Amino acid sequence: MKKALIWLVILGLGGLLAWQLTGPGDTPAQRARPPVPVTAYTVVAEPFHEEVQALGTLRAWESVDITASVSQMIESLQFDDGQQVEKGTVLAVLRQDAEQASRRELQATLADAEREVRRLENLARQNQVAQTELDRARTLASVTRHRIEEVDSRIADRTIVAPFAGTLGLRLVSEGALVTAGQRLTTLDDLSRLRLDFTVPERRLGFLRVGQTVTALTPAFEGSYTGTVTALDSRVDPVARSITARAEVLNPGQRLRPGMLLEVVIRGPERQALLVPEESLESRSTQHFVWRLDAAAGQAVRREVMIGGRRPGWVEVVGGLAAGDRVVRDGVGRLSGESAEVRLVGD
């Protein structure tokens, strides 16, 4: 009986204390949650460009390793490091003494064979020689010409020329060195324009199209470079779930170099869109919510929305809001439940 009496006294004192703290008309929960101070943003339709950002790698428009096609000693090198060359410029000459001697011998043989053909043709017009003898002389001259072409081909293998106009890389050999077939002497790149390869997620495949303008940025230089999408890969990477796109980028001053990593920004066509600040958005898995203000009732109601594209600091809303709606901007983190009492500040 004594313990029960003590508990009754404690409960009575607790109830009296709660009544004094909350007042006769409020509950403890109501007294503990005063209106939350928030700021508001009015949703309006604004011009909007959807953007896709990616990282891309530069490649030369044309690129080749300058190599020897035969094993031979280098007789002369006719280029410098980083030199600009035109198509057909002689870069290196390998030793070709034997081939040049064979060519001179064959040229002398051809000259003699052609003289014999002319002599027999004069005799044939006077019916003083058989036609078969004339045909044999013509065949010998023709065979000699083909042998000269063969020697010219071997000489060309020993004369290394630029296959296209471009910029040479660093020289990797010296005169007098013995090079083997396939050994690299230098590199040649066409830097007047570059190929920019970048990947985007497969879910953005519908956003990409040939002819789209891209903007490329690099921390190495100020400003941006403009390019055009020229092709999309025919396959999606089944592991990364991404697709590779290629753009052509102009290279004024040839400052950009193959192998550089660039930030790529692709902008879609301009349209009118409803935008809300990023801080107004609550995201849970694949669901997104905002707090819509009811100023007359002094409340904010939690509403699910569908989002579209993004730009720094802003999110496009494609469903769940209308132009003129007001949403909570600052103070979202202090709201909970399906609705909450709020107090506008700075409005």
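All figures in this text were calculated on a predicted structure; none of them were measured in a lab.

Chemist: Sorry, what's going on with helix 3 (residues 97-125) here?
Modeler: Compared with an ideal rise of 1.5 Å per residue, which puts 29 residues at 42 Å, helix 3 spans 43 Å between its outermost C-alpha atoms and is within 8% of the ideal. The inward-facing, buried residues of helix 3 contact helix 4 (131-157). One or two positions beyond helix 3, positive phi appears at Asn127, with a value near 55 degrees.

Chemist: Looking at this model, I keep getting lost on the pattern of salt bridges. Mind explaining?
Modeler: Where charged atoms of side chains with opposite charge meet at close range, the side chains can pair. For the structure on display, the rule yields 22 salt bridges. We note a salt bridge from Glu114 to Arg145, for which the minimum N-O separation is 3.2 Å. Highlighted residues: Glu114 in helix 3 and Arg145 in helix 4, separated in sequence by 31 residues. In this structure Glu114 comes out as partly exposed when scored by relative accessible area, which is 28%. What makes Arg145 partly exposed here is its relative accessible area of 37%. A salt bridge links Glu116 to Arg119, with the shortest nitrogen-to-oxygen separation between them at 2.7 Å. With Glu116 and Arg119 both in helix 3 and three residues apart, the pair spans about one turn of that helix. The partly exposed category is assigned to Glu116, whose relative accessible area is 29%.

Chemist: I tried to follow helix 4 on my own but got confused; where do I start?
Modeler: Note: α-helices contain 3.6 residues per turn, so residues at a spacing of three or four share the same orientation. If you check helix 4, its first and last C-alpha atoms are 40 Å apart, about what 27 residues at 1.5 Å a residue would give, namely 39 Å. Of all the residues in helix 4, the buried ones are Leu134, Ala137, Ala141, Thr144, Ile148, Val151 and Ile155.

Chemist: Please explain the environment of Ile243 as it appears in this structure.
Modeler: Note on placement: Ile243 falls in strand 13 (residues 242-250). Taking the C-alpha atoms as reference points, Ile243 and Pro201, 42 residues apart in sequence, are found 6.4 Å from one another. Sequence-distant contacts of Ile243, defined by excluding residues within four places in its chain, comprise Phe198, Thr199, Val200, Leu205, Leu208, Asp233, Arg235 and Val236.

What counts and what doesn't
- Residues numbered from 1 in each chain as written.
- Predicted model: local features only at pLDDT ≥ 70, side-chain atom pairs only at ≥ 80, totals over all residues.
- Heavy atoms only, no water.
- Helix = DSSP H or I, 4+ residues; strand = E, 2+ residues; numbered from the N terminus.
- Expected span 1.5 Å × (residues − 1).
- Contact = heavy atoms within 4.5 Å.
- Salt bridge = Lys/Arg side-chain N within 4 Å of Asp/Glu carboxyl O.
- Buried < 20%, exposed > 50% of the residue type's maximum accessible area, 1.4 Å probe, protein only.

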